[in-house]
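Single-letter residue listing:
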Amino acid sequence: MTVKIAHTAELQKFFEEAAGFANDGGSSRLKNIVLRVLQDTARIIEDLEISEDEFWKAVDYLNRLGGRLEAGLLVAGLGLEHFLDLLQDAKDAQIGLTGGTPRTIEGPLYVAGAPLYEGECRMDDGSEEGVATLMLLEGQVFDPQGQPLAGATVDLWHANTKGTYSFFDQSQSEYNLRRRIITDAEGRYRARSIVPSGYGCDPQGPTQECLNLLGRHGQRPAHIHFFISAPGHRHLTTQINLSGDKYLWDDFAYATREGLVGEVEFLEDAAGRRAELKFDFQLQQAPDAAAQQRSQRPRALQEV
């Protein structure tokens, strides 16, 4: 027999009390958000007849998810981070702000403060020479009118051949495969690096545990993350996923989008095997000062 009480005046008053509406302190916005969470959670419990065992198993799961610092990974894996991009796309379209390189998810592995270079740099520390394939990456940053944008900051990061990232993988040197490049007079950036590998969620971790129960894999294609910024222009958070990867259009994090596939050309000569990748970016005009900045999302290291 289905019993529902969440809609009653008594329970609604109780939820308001729990959300802090009986006092004048705290944050009014947070009170409204918590009230909605309490109300919707109660409805889910009733509508889906969630048992007490299922409820407490979910609480335990959240504890384990946070303990492994995988909440950001699960948010991507369940498509919520991609939803935020789609919602912002829709908001932009509503006000007529279109064009430019598509945005896509940031992911949870950015680290601020990477070494800064003018025009070009080398990204890897040489620790995977003989194993990794050399990658020559270059491109231009353009303004909304298609003119080269000098002085833009290209902040980029990617995984090594094992699919792991410096800082989070303590075996790598500091800021390995993380750099910031200021574009030259022609809006160009150039980087010598290595071809990254895609990665999968930890098979023993809580994110993959959830994906298993959904009948889904936890694999990502090889990709390179970018923050692109310039005064007067909208900050761009995006990434390019490398062509030819098995998971290019089957990314568990839903980051691959039309216009964000990097066409990799593999070459071999007397100097050895290498990959060449060219990718250009076009920024939008910033509608206001706040749009020039990246989101205030908590990250491993914040800018100082």
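Note that the structure is predicted; figures quoted are calculated from it, not measured.

(A) View of the state of the cysteines. Applying the stated rule across the entire model yields zero disulfides. The thiol of Cys201 is unpaired, and the distance to the nearest cysteine sulfur, on Cys210, comes to 10 Å.

(B) A look at the packing of aromatic side chains. Per the stated rule, a full pass over the model turns up eleven aromatic pairs. Note on Phe14 and Phe15: the rings are 5.8 Å apart at their centroids and 45° apart in plane angle, and the pair reads as tilted. Pairing Tyr110 with Phe227 gives two aromatic rings, centres 4.7 Å apart and planes at 55°, and the pair type is tilted. Taken as a pair, Tyr110 in the loop between α5 (80–94) and β1 (116–118) and Phe227 in strand β7 (residues 223–229) lie far apart in primary sequence, 117 residues in all. Here Phe227 falls in the buried class, since its relative accessible area comes to 1%. Members of the aromatic cluster, joined through ring pairs, are Tyr189, Phe226, Phe279 and Phe281.

(C) Layout of the UniProt feature "domain: Intradiol ring-cleavage dioxygenases" (unreviewed entry) in the chain. UniProt's entry tags residues 137–165 with the feature "domain: Intradiol ring-cleavage dioxygenases" (unreviewed entry), counted in the numbering of this structure. Secondary structure across residues 137–165 divides into 0% helix and 41% strand, with the first and last C-alpha atoms of the span separated by 18 Å.

(D) Representation of the pairing of strand β3 (residues 134–142). Here β3 runs beside strand β6 (residues 188–194); their pairing, made up of seven bridges, is antiparallel. Pairing of Leu137 across the sheet is with Ala191, part of β6. In this sheet, strand β11 (residues 272–278) lies alongside β3 in parallel orientation, the contact comprising five bridges. Bridging from a neighbouring strand, Leu134 pairs with Arg274 of β11. Pairing between β3 and strand β12 (residues 281–282): two bridges, direction parallel. Looking at β12, one finds that Phe142 is bridged to Gln282.

(E) Just the pattern of salt bridges, in detail. Scanning the model with the defined rule gives 22 salt bridges in all. Linking Glu70 and Arg68 is a salt bridge whose minimum nitrogen-to-oxygen distance equals 3.5 Å. Residue Arg68 is classed as partly exposed on the basis of its relative accessible area, which comes to 38%. For Arg122, the salt bridge goes to Asp124, with nearest N and O atoms at 3.0 Å. Through salt bridges with shared partners, one network takes in Asp89, Asp92, Arg103, Arg234 and Arg257.

Reading the values: the criteria
Residues numbered from 1 in each chain as written. Predicted model: local features only at pLDDT ≥ 70, side-chain atom pairs only at ≥ 80, totals over all residues. Heavy atoms only, no water. Disulfide = S-S within 2.5 Å. Phe/Tyr/Trp six-rings, centres within 6.5 Å; stacked < 30°, edge-to-face > 60°. Helix = DSSP H or I, 4+ residues; strand = E, 2+ residues; numbered from the N terminus. Buried < 20%, exposed > 50% of the residue type's maximum accessible area, 1.4 Å probe, protein only. UniProt positions renumbered as here; feature names shortened; annotations may be inferred. Pairing = 2+ DSSP bridges. Salt bridge = Lys/Arg side-chain N within 4 Å of Asp/Glu carboxyl O.

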